[in-house]
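Listed below are the residues making up each chain.
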Amino acid sequence: MMGRRFLTRGLLSAGVGLNLLVLAACGVERPTGVSSPGGSQVRAPREFSGIAWLATERWFTGPGRDPESREVFLVCHDARDNDAERELPRLAIVRTPVDPDGIAVEELHVDFPSVPNDLESIARLPGRNAALLAESNADGDDPDPSIYLARWDRNLNVEIAGSVPWPRTPEPLINVEATAVATAGGRDYFVYAERAQGSDTTRINMTRLTVSKSGEITFGRKWTSVSFTAPEPPDARPASGLDIDTNGNLYLSSAYDPGDLGPFDSAVYRAATVRRSSGPLGAKLVPVEPPQMLARSSGLKVEGVALVSGSFPIFISDDDEDYGGLLRQLRVTMPGG
């Protein structure tokens, strides 16, 4: 059984600086030590390191008003298994705004079979109320990184239904922030990419995936891979977030992170497609050449990409370190509209 805790939400005065107005738009607690005429205090939500869409809710804002649509996402936090962060919640449910109070963040207290260390990505299983939560391996600091199976019911009660060590990968597992699950020809495929710190190029890797009703997770032994090079931003980690639409298009974020105070920079690309094939896997990866940039997010460190029910609109989650977490819908611009 999981407990729930709601973060306090409030608005900031228009007289506060621009950076605090951004926090007010998110509807979160004020940082300690910042004064305001109204006296209330808010702070930024914790970092959003991975994201997956859960549901669309109809939200009634008052008598005589039409209900508003509200998108609901599951996000993970990259807390470490150490004395400072061991007791922190690893998951939260985040809802898009329906009024000036901004996003609603509901931290979840979920029982895991072991203490998660550096959860950096969420990969929803298409068409099911389930997702894989992947530990990153934290630059090799985790001797036995795991992948957990999360499931939720119609009331969005989340539980961990299974776990498995990372499978044997086609390249050394160092630090993974981008995972997704695709379905092609009635089969599931697990897709991941190393964040490849210090390089503008990574490999997108794919293998077969089976998740049983009992929660058993099985990966294939054969992999297929394609290369992805991030044209922008300069000096970015080429893979920081990933999602795949119902047509097999891979949407990948690249992020520049110089430190806890930024300045950050990001871009989101259509990087490849999953297509059925006659090969041993039954599917293949086809790179988009050149990659299609969909959006730039200067000032933000995008670490999660999520499509709504497997198609546009597309949302991003941010881990802006000391600035906190952020959820935004992207304005997608491509040549030809």
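Whatever comes next refers back to the structure up there.
Since this is a predicted model, take the numbers as computed values, not measurements.

1. As for the overall build of the protein
On a plain count of helices and strands, the protein comes out with 1 helix and 21 strands. The buried share among the 337 residues of the protein stands at 54%. In the protein, once contacts between residues fewer than 6 apart in sequence are set aside, the share between residues at least 24 apart is 52%. When the accessible surface of the protein is summed, it comes to about 15,200 Å², and 48% of that surface belongs to carbon and sulfur atoms.

2. A word on the layout of surface pockets
Within this model, the largest pocket holds a volume of roughly 430 Å³. Lining the largest pocket are 24 residues, and of these E47, D78, E85, D319 and E321 lie nearest its centre. Taken together, the residues of the lining of the largest pocket break down into 4 nonpolar, 2 polar and 18 charged.

3. What to know about empty space enclosed by the protein
Sizing a probe to match a water molecule and rolling it over the atoms shows the empty space that remains. Within this structure, the stated rule accounts for 1 cavity of 30 Å³ or more. One number sums up the size of the largest cavity: a volume of about 50 Å³. Breaking the lining of the largest cavity down by element, the ones donating at least two residues are β2 (50-59), β6 (119-124), β10 (176-184), β15 (237-244) and β19 (302-308). Here the residues of the lining of the largest cavity are counted per class, giving 5 nonpolar, 5 polar and 2 charged.

4. Looking at the packing of aromatic side chains
This model, assessed by the stated rule, comprises 9 aromatic pairs. Taking the centre distance of 4.9 Å and the plane angle of 50 degrees together, the rings of F73 and F315 count as tilted. Taken together, the residues span a long stretch of sequence, with F73 in strand β3 (residues 68-76) and F315 in strand β20 (residues 311-319) at a distance of 242 residues. Taking the relative accessible area as the measure of exposure, F73 reaches 0% and is therefore buried. For F315, a relative accessible area of 6% translates into the label buried. Summarising the aromatic geometry, the rings of F228 and Y269 are spaced 5.6 Å apart at their centres and angled 65 degrees between planes, so their arrangement reads as edge-to-face. Of the two residues, F228 is situated in strand β14 (residues 224-229) and Y269 in strand β17 (residues 265-276); the sequence distance between them amounts to 41 residues. Just as F228 is buried, Y269 falls in that class too. The aromatic ring of W59 is capped on one face by R70, whose charged end is 4.4 Å from the ring centroid.

5. Overview of the sheet that holds β15
Note: strands within a sheet are paired through backbone hydrogen bonds, in either parallel or antiparallel orientation. Reading across from one edge, β15-β16-β17-β18 is the order of the 4 strands in this open sheet, with antiparallel pairing throughout. Each edge of the sheet is formed by a strand with only one pairing partner; in this case those strands are β15 and β18 (283-296). When the angles between neighbouring strand axes are averaged without regard to direction, this sheet yields 30 degrees. Across 9 bridges, the pairing between β17 and β18 is antiparallel. When the sheet's bridge partners are listed, T273 is paired in β18 with V286.

6. Focus: the nonpolar core
Membership of the largest hydrophobic core comes to 25 residues, with the highest contact counts inside it found for I204, L250, L252 and V274. At the level of elements, β10, β11 (187-194), β12 (201-211), β14, β15, β16 (249-256), β17 and β18 are the ones that each hand at least two residues to this core. If one sorts the elements of this core by residue count, β17 sits on top with 5 residues.

Calculation notes
- Residues numbered from 1 in each chain as written.
- Predicted model: local features only at pLDDT ≥ 70, side-chain atom pairs only at ≥ 80, totals over all residues.
- Heavy atoms only, no water.
- Helix = DSSP H or I, 4+ residues; strand = E, 2+ residues; numbered from the N terminus.
- Buried < 20%, exposed > 50% of the residue type's maximum accessible area, 1.4 Å probe, protein only.
- Contact = heavy atoms within 4.5 Å.
- Areas by Shrake-Rupley, 256 points an atom, 1.4 Å probe, with all protein chains shown as cover.
- 1 Å grid on protein atoms, 1.4 Å probe; cavity = no way out; pocket = protein on both sides within 12 Å on 5 of 7 lines; lining within 4 Å.
- Points joined across faces, edges and corners; volume = space filled by probe spheres on them.
- Nonpolar A, V, L, I, M, F, W, Y, C, P; charged D, E, K, R; others polar.
- Phe/Tyr/Trp six-rings, centres within 6.5 Å; stacked < 30°, edge-to-face > 60°.
- Lys NZ or Arg CZ within 6 Å of the ring centre and 35° of its normal.
- Pairing = 2+ DSSP bridges.
- Axes fitted to C-alpha atoms, helices over the stretch in contact; angles between N-to-C directions.
- Core = buried A, V, L, I, M, F, W, Y, C linked by side-chain atoms within 4.5 Å.

By themselves, these are just geometric observations and shouldn't be taken as functional.
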